[in-house]
Amino acid sequence: MQRPDTKLPGVGTTIFTIMSRLAAETGAINLGQGFPDFQPPVRLCELVGAHLAAGHNQYAPMTGLPALCEAIAGMLLRRHGISIDAASEITITTGGTEALFAAIHAVVHPGDEVVMLDPAYDSYGPAAELAGARLRRVPLRMPEFSIDYERLGAAIGPRTRLLIVNTPHNPTGAVLTVDDWKRVAELLEPTGALVLSDEVHEGLVYDGKRHSSVLSNERLRGRCFAVFSFGKTYNATGWKVGYCVATPALSAEFRKVHQFLTFSVSTPMQHAIADFMREEPEFLDGLAPFYQSRRDRFATLLRGSRLALRPVAGTYFQLADYGAVSDEPDVEFCMRLIREHGVAAIPLSPFCAEPLQGRLVRFCFAKEDATLEQAAERLGNV
Ligand code: PMP
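Residues numbered from 1 in each chain as written. Predicted model: local features only at pLDDT ≥ 70, side-chain atom pairs only at ≥ 80, totals over all residues. Heavy atoms only, no water.

**Some points on the sheet that holds strand β9 (residues 308–309)**
Across the sheet, four strands lie side by side as β9-β10-β13-β12; this open sheet has antiparallel pairing. The open sheet has two free edges, formed respectively by β9 and β12 (346–347), since each of these has just one partner strand. Of the strands in this sheet, β12 and β13 (360–364) are in contact with helix α14 (residues 330–341), which crosses β13 at around 45 degrees. (Pairing = 2+ DSSP bridges. Helix = DSSP H or I, 4+ residues; strand = E, 2+ residues; numbered from the N terminus. Contact = heavy atoms within 4.5 Å. Axes fitted to C-alpha atoms, helices over the stretch in contact; angles between N-to-C directions.)

Listed below in structure tokens is the structure:
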């Protein structure tokens, strides 16, 4: 048998890179890739400088700086009422991406089934395939992108090792509720399956609602990994600091992978974030109102355009239906949007195994007023 020359035949350059590159080449406004054009808090940046100067430049402990793990445990208790043991249940990672990869590789054996809900963030599938998993992709139910429990139930079976969920959800902005977790727990109860819950947008839940974490569900608490990222909470996607929360037994397995994947995470960044979380715990509480006003501003600016905006319960992403404009496939529409109208968006089809009903693209509204205004003016002519 001929040896395959790639382990990931379905993987090319990510859609984020493709769209960002085209946006840069053409000078388009980039509302595609999900990063804010706001800076991290000034005090947090000062703290990074202070720790660099103070000589905190060598390896941090493998599982994370104890002060940072303590600060996270305090925050989870205060904000979400979740009680976590900092030393045995939190591992600091190189962003959410590493945490997702390490969790998958900690528990998935070749031939195991991994269930994902489409549209799904693009790293889940390749990470699971590299672990030798067979993917079962279940579409979320349109138009509100809720879980279709009948289809999910049908996909879960004795070979299911892991269910990957994401709330608040990228790219749709949907959020799961306490009730969703109850139903997920019921479905998984008779199986040995675990849950990997991607909660990197935890701070971005709007309209007075609260983030509902898998960690709050008593029946899932013993069989889940929850993944978070400071990239989103501190406007610092380039810092790549995140963390994974799981029971001591699951964290022990997680750490076996983490220690050979990256071993440890940037020391001055961890010190700075730990100090900042202690000094300004309320910063996180201001995040949702701040981004909610961006969401509302963008929606107001687009009123009167031919793009139909979907409701956004969380994240800093806005889905728009361009069905009134064109019936092109979404990738082509996004290419044309960049070339002819000077605005970059992200198509949804690369997040799905089955074609989506509807013509949907994703805009990132984590941008300054002037950027949103200019983008909306251009989108008004689409
Ligand atoms: N999961 C989701 C749903 C995301 O949107 C992102 C970042 N775009 C990540 C994981 C990765 O997080 P990080 O940038 O911290 O690696």
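Resuming the write-up.
**Details of unusual backbone geometry**
Backbone torsion omega between Thr167 and Pro168 reads -15 degrees, so that peptide bond is classified as cis. Structurally, Pro168 can be placed in the loop between β5 (160–166) and α8 (178–188). Backbone torsion omega between Asn170 and Pro171 reads 20 degrees, so that peptide bond is classified as cis. Considering the arrangement of structural elements, one finds Pro171 in the loop between β5 and α8. Unusually for a residue other than glycine, Phe145 sits at a positive phi of about 55 degrees. Following the sequence through the fold, Phe145 ends up in the loop between β4 (134–139) and α7 (149–155).

**What about the side chain of Ser20?**
Within the secondary structure, Ser20 sits in helix α1 (residues 15–26). Here Ser20 is in contact with Asn30 and Gln33, once residues within four sequence places are set aside.

**Side note on the site of the ligand**
Taken together, 13 residues surround the ligand, and among them Gly96, Thr97, Asp198, Ser229 and Lys240 come closest. Tyr121 is positioned such that a nitrogen or oxygen atom in its side chain is 3.5 Å from a nitrogen atom of the ligand. At a separation of 3.0 Å, a nitrogen atom of the ligand approaches a polar side-chain atom of Lys232. With the chains in place, 92% of the 400 Å² that the ligand exposes on its own is no longer accessible. Ranked by the residues each element gives to the shell around the ligand, the list is headed by helix α5 (residues 95–107), at four residues. (Near = heavy atom within 4 Å. Polar contact = N/O pair within 3.5 Å; in protein donor to acceptor, adjacent residues only side chain to side chain. Areas by Shrake-Rupley, 256 points an atom, 1.4 Å probe, with all protein chains shown as cover.)

**Things to note about the packing of aromatic side chains**
The full count for this structure, using the stated rule, is 18 aromatic pairs. Seen in terms of ring centroids, Phe16 and Tyr121 are 6.4 Å apart; in terms of plane orientation they differ by 35 degrees. Their pairing is tilted. With a gap of 105 residues between them, Phe16 in helix α1 and Tyr121 in the loop between β3 (113–118) and α6 (124–130) connect regions that are remote in the sequence. For the ring pair Phe16 and Phe351, a centre distance of 5.9 Å and an interplane angle of 80 degrees mean the geometry is edge-to-face. Of the two residues, Phe16 sits in helix α1 while Phe351 sits in the loop between β12 and β13, which places them 335 residues apart along the sequence. A cation over a ring is seen here: Arg294 above Phe290, with NZ or CZ 5.9 Å from the ring centre. (Phe/Tyr/Trp six-rings, centres within 6.5 Å; stacked < 30°, edge-to-face > 60°. Lys NZ or Arg CZ within 6 Å of the ring centre and 35° of its normal.)

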